[in-house]
Amino acid sequence: MAACLLALQLSACAHGAMPAPPAPSPCADRAAARVGVDFVDAVARQMPAVVSVLAIATQEPWDIGRADAQDRLPIQWSDGSDRSMASGFVIGEDGYILTNEHAVAGSRDVSVKLADGRRFRAAVVGTDQHTDVALLKIAAIGLPVAAIASHPVLCPGEPVAALGSPLGFEQSVTAGVVSASPRFLNGGGVPLIQTDVALNPGSSGGPMFNRAGEVVAMNSMIYTTNGGYAGISLSLPIELAMQVAAQLRATGHVARARIGAHTQAVTPELAEAFGLEHGTGALVTRVDPGGPAALAGLRAGDIVVGIDGANAASYADIQDRVAAARPGRSIELALWRRRALLQLKLVPVEAAYAPPPRPAARAADQDPRLGLVLGNRSESGVYVRAVTGAARRAGIRPGDQVLGIEDTPVSTPAELDAALSASRNSDVVAVLILRGSLSNYMVVERRGPG
């Protein structure tokens, strides 16, 4: 009888047999990245397809009287925590736009500003929290479309650049190099691209492209301890983002297989500890009770080294193959357990899909004061106590002082009303705001974008 202990659906192989060494890296034969790469042509190619995304989480009035309102009053031009600024890029000339899920999650009002300055209200076609992808649709045709790389291979040291709206600065370009690809965070199954390209809030959802001007990734997050750029940026490979977008366009959600196992990448040190010659594969750290993996006999400490006949796969390959598995159709895992190579069959199931709650539709803007609620102060001036609607979308905040409407100065509510009435035939109103020591005109769109 074989020395290996048999489990349910588990068959033993030769004791001590080792999986074949992994295939060489596709970067092994790549020439070193050129120093001093010029991204001017690449930026010119991508810039027309890059957009800014504004999402507002709620339409409840934002009131200076709330307990936390005083802490929110800015001394610099910035958005409140309920206004999400992000980036995106056009992937369909008929108005389809890719951005991050976290930028629009729970939003009631999403708008897009194109590179040519036009604004449109955007519908959220679908979102996928697992990969942080959202697909938007605006009522426009003939849009410039981002150039998408076909089967890109990114190697450490390769120059890349990002384009987006960090901190609201539209069409900003930052450049750097690939630090690692793929990079998996906290045992997650999503392959990410780590770079040293500077990203900041507002960069999310924008494109990362190579020196040929082809999009190779969508910027997703930064790894930071202080909320700002700290040298580690993470982006989603464009092939995965486009696959998710295709499913969102077709069905509004992503159908994904689940086996109920949590893993981490095998390092050379872990391989040595488990008696595995090659430092590759997926080490099982936890198995969900009652899930497909548990029912098949998978357990913590097993190392998945291959799937469906491939007995030496990288961690990224294993993650990709599991994610691509069809629910209800069995897959065969090659396992390393107690210094023996074993085979295990299991049947993935479809991950439960819970559609995100849909916020109530926003009512049309009818407020003659654009959503401004004025405060009562003893000193002269027009101060904002609460804000909603069009003024809120424009970024006006409680505590701001209104100095003028276009070229008409105002110092009382009556003067404000008269100035707004005089501009009633215009779809947009320029409101001069004093915030702290800074004054700036803010554009309020009466009927909203699009």
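Calculation criteria
Residues numbered from 1 in each chain as written. Predicted model: local features only at pLDDT ≥ 70, side-chain atom pairs only at ≥ 80, totals over all residues. Heavy atoms only, no water. Pairing = 2+ DSSP bridges. Helix = DSSP H or I, 4+ residues; strand = E, 2+ residues; numbered from the N terminus. Expected span 1.5 Å × (residues − 1). Buried < 20%, exposed > 50% of the residue type's maximum accessible area, 1.4 Å probe, protein only. Arc of directions from axis to C-beta. Phe/Tyr/Trp six-rings, centres within 6.5 Å; stacked < 30°, edge-to-face > 60°. Lys NZ or Arg CZ within 6 Å of the ring centre and 35° of its normal. Contact = heavy atoms within 4.5 Å. Polar contact = N/O pair within 3.5 Å; in protein donor to acceptor, adjacent residues only side chain to side chain. Axes fitted to C-alpha atoms, helices over the stretch in contact; angles between N-to-C directions.

Pairing of strand E27 (residues 428-435) with strand E28 (residues 438-445), which is carried by 8 bridges, proceeds in the antiparallel orientation. Pairing of Val431 across the sheet is with Met442, part of E28. Remark: 2 residues form the turn of the hairpin made by E27 and E28, two consecutive strands paired antiparallel; Gly436 in that turn has positive phi of roughly 65°.

Taking 1.5 Å of rise per residue, 14 residues should cover 20 Å, and helix H4 (residues 238-251) covers 20 Å from first to last C-alpha, within 8% of that figure. Every buried residue of H4 is accounted for by Ile238, Ala241, Val244, Ala245 and Leu248. Seen from one end, H4 has its buried residues packed into an arc of 125°, which puts them on one side. Exposed residues pointing more than 90 degrees away from the buried face of H4 are listed as Ala250 and Thr251. Gly252 occupies a position one or two residues after H4 and carries a positive phi of about 85°.

Another aspect to go through is the packing of aromatic side chains. Scanning the model with the defined rule gives 1 aromatic pair in all. Ring centres 6.2 Å apart and planes at 80° place the aromatic pair Phe39 and Phe209 in the edge-to-face group. Of this pair, Phe39 sits in the loop between strand E1 (10-15) and helix H1 (40-46) while Phe209 is found in strand E13 (residues 207-209), placing the two residues 170 residues apart along the sequence. A single burial state applies to Phe39 and to Phe209, both of which are buried. In this structure, Lys137 is placed above the aromatic ring of Tyr96, and the distance from its NZ or CZ to the ring centre is 5.5 Å.

Now for helix H7 (residues 315-324). Listing the buried residues of H7 in full gives Tyr315, Ala316, Ile318, Gln319 and Val322. Each buried residue of H7 sits inside an arc of 165° when the element is viewed along its axis, so together they form one side. If you follow the buried residues of H7, they end up packed against strand E11 (172-183), strand E16 (257-258), strand E17 (261-265), strand E18 (282-287) and strand E19 (303-307). Measuring from the side-chain oxygen of the N-cap residue of H7 to the backbone nitrogen of Asp317 gives 3.1 Å; that N-cap residue is Ser314.

Another aspect to go through is the sheet that holds strand E7 (residues 119-121). Taken in spatial order, the 7 strands make up an open sheet running E7-E6-E2-E4-E5-E9-E8, and their pairing is antiparallel. Of all the strands in the sheet, just E7 and strand E8 (123-128) have a single pairing partner and so form its edges. Geometrically, the sheet is characterised by an average inter-axis angle of 30° between neighbouring strands, direction not taken into account. On the sheet, H4 packs against strand E4 (83-92), strand E5 (96-99), E8 and strand E9 (133-137) and is oriented at approximately 55° with respect to E9.

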